Amino acid sequence: MSETAPAARWRRLLGALWGFPFQGDGLPAGPAGGRTALPSPDATGSKNMLQLIQLRWLAAVGQVITIGFVQLVLEVDLPLLPMAAVVVALALLNLLSLLRLRLRAPVGQAELFVVLLLDVAALTVQLYLSGGVTNPFISLFLLQVTMAAVLLQIRWAWAMAAITTLCFLGLSLAHRPLVLPSALSADPFRLHLQGLLVCFILDAALLVVFVTRVSGNLRARDARLADLRRQAVEEEHIVRMGLLASGAAHELGTPLATMSVILGDWRHMPALRDSPDLQDDIEEMQVQLRRCKEIISGILLSAGEARGEAAAVTTLDAFLEGLVQEWSALRPRARISLENNLGGQVPIVADPTLKQVLFNLFNNAQEAFASRICLSAARDGATLILEVRDNGVGFAPEMLAQFGNPYRSTKARQGRGLGLFLVVNVVRKLGGRVAAHNRPEGGATVTLSLPLGSIAIERRRADAA
């Protein structure tokens, strides 16, 4: 049965007040595909603020229920108007906190401390109006101290401990005493123990639920920071590789050019010109020299240098068909096919970097003893999905666990493991991501998800402007 319009409106309203629009990552949702696997460190404060908002809603509802029970069931006279004003103030604080989260600015330690301090102030006022230290709910101060210790830096946590201690001492000196009815005044200690039991159960449940969530937020932040540090190390590694590749290119360029000139002279020497066999050998040597130059250019492009050089305007279909044909010509024994599911022509700039990425994947598949390789291309909105499938031996479990890390390879040869590392980092620079898994029927699949805007002509023209 479909949901009625009033029910849907109430559901959306309650979800907004509870904080559902922020539960995915602690911040309002951004553009599709713009989120990372882990929340950014700046989002951790917002996620923790969301936990405090939800805890405050529970506190407000719990206070209303408790006040109503004490007033109506236990028939203890309470100052309802000021106590209701505190509950309304908590609700207003939550609404302001939700509006604050929609600003998308990072939530700092000072802000979290202030909102916790306001919660302590509200609890202090309610306890002052309902018996002070004789109220069994006085131990709820420990919940605030615990949240401060989990959420805040050590200085803020000690400040919260000191403030709650002062509040406790103040309530022991000044508070509004409770006047119990005759039915309860006969055994007030038993009533106090019952209140302590309820408060303990409430404290324990809230601590387990919310401290677990907050700890999860902090662990996610630490994991994100570790991931950023790892990316920084990898990018530094790429820079060093680029410098080494540039130096090697300069060193190899001169002897290759010299050999090309010498071969050109030999080709026109009378003693060699009349020998068809020698002419064929010279031609083959020149082809191999040109191939060496292309390999050096590919190394430079894979290392991240000279990106965009030799780029040509073409269509995505022609680009993929051309690179499959070129790789087939270089590897005549390999069987490779192209599955084109793009559903239309897409004008792009043929970036040699992307070509080198796919060549690396083809080479890895062939070295994994694949007899068949398939490149599949499809579109998912503004995202280009490229899949390289093979029927080889697949990835070892440790390779999948550390996919894309440098020098992680099952090939026992020095310097191996850089191909996939370069693939992951080049695709990441283009704004995409890489995933890999083994196929149930044997072999492996590597999936590249790239935003079409990174290679589309319109984007490149905008960048040039």
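Residues numbered from 1 in each chain as written. Predicted model: local features only at pLDDT ≥ 70, side-chain atom pairs only at ≥ 80, totals over all residues. Heavy atoms only, no water.

Student: Would you mind going over the overall build of the protein chain with me for this structure?
Tutor: Helix and strand counts for the protein chain stand at 15 helices and seven strands. The buried share among the 465 residues of the protein chain stands at 40%. Of all intrachain contacts in the protein chain linking residues separated by at least 6 positions in sequence, the fraction that spans at least 24 positions is 72%. (Helix = DSSP H or I, 4+ residues; strand = E, 2+ residues; numbered from the N terminus. Buried < 20%, exposed > 50% of the residue type's maximum accessible area, 1.4 Å probe, protein only. Contact = heavy atoms within 4.5 Å.)

Student: I would appreciate a short explanation of unusual backbone geometry in the present structure.
Tutor: Excluding glycine, residues mostly have negative phi values, and the peptide bonds linking residues are mostly trans. You will see that Phe369, though not glycine, has its phi angle at about 65 degrees, which is positive. For Phe369, a relative accessible area of 69% gives the class exposed.

Student: Help me understand the packing of helix H4 (residues 109-128) against helix H5 (residues 140-151) in this model?
Tutor: Angle between the axes and distance between the axes: these two values describe a pair of packed helices. Running from amino to carboxyl end, H4 crosses H5 at an angle of 175 degrees, the nearest separation of the two axes being 10 Å. With respect to H5, the axis of H4 lies roughly antiparallel. Side by side, H4 and H5 meet where Gln109, Leu116, Asp119, Val120, Leu123, Thr124 and Leu127 of the first sit next to Leu140, Phe141, Gln144, Met147, Ala148 and Leu151 of the second. Residues that form the contact of H4 with H5 fall into these classes: nine nonpolar, three polar and one charged. (Axes fitted to C-alpha atoms, helices over the stretch in contact; angles between N-to-C directions. Parallel < 35°, antiparallel > 145°, perpendicular 65-115°, else oblique. Nonpolar A, V, L, I, M, F, W, Y, C, P; charged D, E, K, R; others polar.)

Student: It is not clear to me how the side chain of Asn363 should be interpreted in this structure. Could you clarify?
Tutor: One can find Asn363 in helix H12 (residues 352-367). Among the residues examined, Asn363 registers a relative accessible area of 19% and is labelled buried.

Student: Would you mind showing me how to read a negative patch on the surface here?
Tutor: Where like charges cluster on the molecular surface, the negative patch consists of Asp277, Asp280, Asp281 and Glu284. Among the structural elements, Asp277 can be located in helix H10 (residues 276-302). Overall, Asp277 belongs to the exposed group, its relative accessible area being 59%. (Patch = residues over 30% accessible without salt bridge, like charges linked within 9 Å, V, L, I, M, F, W, Y side chains within 5 Å. Areas by Shrake-Rupley, 256 points an atom, 1.4 Å probe, with all protein chains shown as cover. Salt bridge = Lys/Arg side-chain N within 4 Å of Asp/Glu carboxyl O. Lys, Arg positive; Asp, Glu negative; His and termini not counted. Charge placed at Lys NZ, Arg CZ, Asp CG, Glu CD.)

Student: I tried to follow the sheet that holds strand E4 (residues 372-380) on my own but got confused; where do I start?
Tutor: Strands belonging to one sheet form pairs held by backbone hydrogen bonds; the direction of such a pair is parallel or antiparallel. Pairing is mixed across the open sheet formed by five strands, whose spatial order is E2-E4-E5-E7-E6. Unpaired on one side and paired on the other, strand E2 (335-341) and strand E6 (433-438) mark the two borders of the sheet. Taking the axes of each pair of neighbouring strands and ignoring which way they run, one obtains an average angle of 15 degrees across the sheet. Relative to E4, E2 runs parallel, the two being bridged by seven bridges. (Pairing = 2+ DSSP bridges.)

Student: Explain the pattern of salt bridges here, please?
Tutor: Proximity of charged atoms lets side chains of opposite charge pair with each other. Enumeration according to the criterion identifies six salt bridges in this entry. Linking Arg100 and Glu111 is a salt bridge whose minimum nitrogen-to-oxygen distance equals 2.8 Å. Here Arg100, found in helix H3 (residues 80-101), pairs with Glu111, found in helix H4; they are 11 residues apart in sequence, far enough to count as distant. Given the relative accessible area of 16%, Arg100 is considered buried. Here Glu326 ties to Lys355 by a salt bridge, and the two come within 2.8 Å at their closest N and O atoms. Taken together, the positions of Glu326 in helix H11 (residues 316-330) and Lys355 in helix H12 put the pair 29 residues apart, joining distant regions of the chain. We classify Glu326 as partly exposed; its relative accessible area is 28%.

Student: In this structure, what is going on with H3? I would like to understand it.
Tutor: If you check H3, its first and last C-alpha atoms are 32 Å apart, about what 22 residues at 1.5 Å a residue would give, namely 32 Å. Of all the residues in H3, the buried ones are Met83, Val86, Val87, Leu90, Leu93, Asn94, Ser97, Leu98, Arg100 and Leu101. Each buried residue of H3 sits inside an arc of 160 degrees when the element is viewed along its axis, so together they form one side. Seen from the open side of H3, the exposed residues pointing more than 90 degrees away from its buried face are Leu81, Leu96 and Leu99. (Expected span 1.5 Å × (residues − 1). Arc of directions from axis to C-beta.)

Student: What exactly am I supposed to notice about a nonpolar patch on the surface here?
Tutor: Judged by side-chain polarity, Ile262, Trp266, Met269 and Met285 come together as a nonpolar surface patch covering roughly 350 Å² of accessible area. By secondary structure assignment, the location of Met285 is in helix H10.

Student: Would you explain the packing of H5 against helix H6 (residues 154-173) in this entry?
Tutor: Where H5 meets H6, the axes come as close as 8 Å, and the angle between the chain directions of the two elements is 170 degrees. When the axes of H5 and H6 are compared, the pair comes out roughly antiparallel. On H6, the residues touching Phe141, Gln144, Val145, Ala148 and Ala149 of H5 are Ala157, Met160, Ala161, Thr164, Cys167, Phe168 and Leu171. Here the contact of H5 with H6 is composed, by residue class, of 10 nonpolar, two polar and no charged.

Student: What am I meant to see in the environment of Leu169 here?
Tutor: Relative to the helices and strands, Leu169 is located in helix H6. The exposure class assigned to Leu169 is partly exposed, which follows from its relative accessible area of 46%.

Student: How should I be thinking about the packing of aromatic side chains in this particular structure?
Tutor: How two aromatic rings sit relative to each other is given by the distance of their centres and the angle of their planes. A full pass over the atoms with the stated rule returns three aromatic pairs. Ring geometry for Phe113 and Trp156: centres 4.8 Å apart, planes at 45 degrees, overall tilted. Of this pair, Phe113 sits in helix H4 while Trp156 sits in helix H6; the two residues are 43 residues apart in sequence, bridging distant segments of the chain. Neither residue differs from the other here; Phe113 and Trp156 are each classed as buried. Ring plane angle 40 degrees and centroid distance 6.4 Å describe the contact between Phe359 and Phe362, whose orientation is recorded as tilted. In this pair, Phe359 and Phe362 both sit in helix H12, three residues apart, roughly one turn of the helix. Like Phe362, Phe359 is buried. An aromatic cluster is built from Trp327, Phe359 and Phe362, whose rings are joined through pairwise contacts. (Phe/Tyr/Trp six-rings, centres within 6.5 Å; stacked < 30°, edge-to-face > 60°.)

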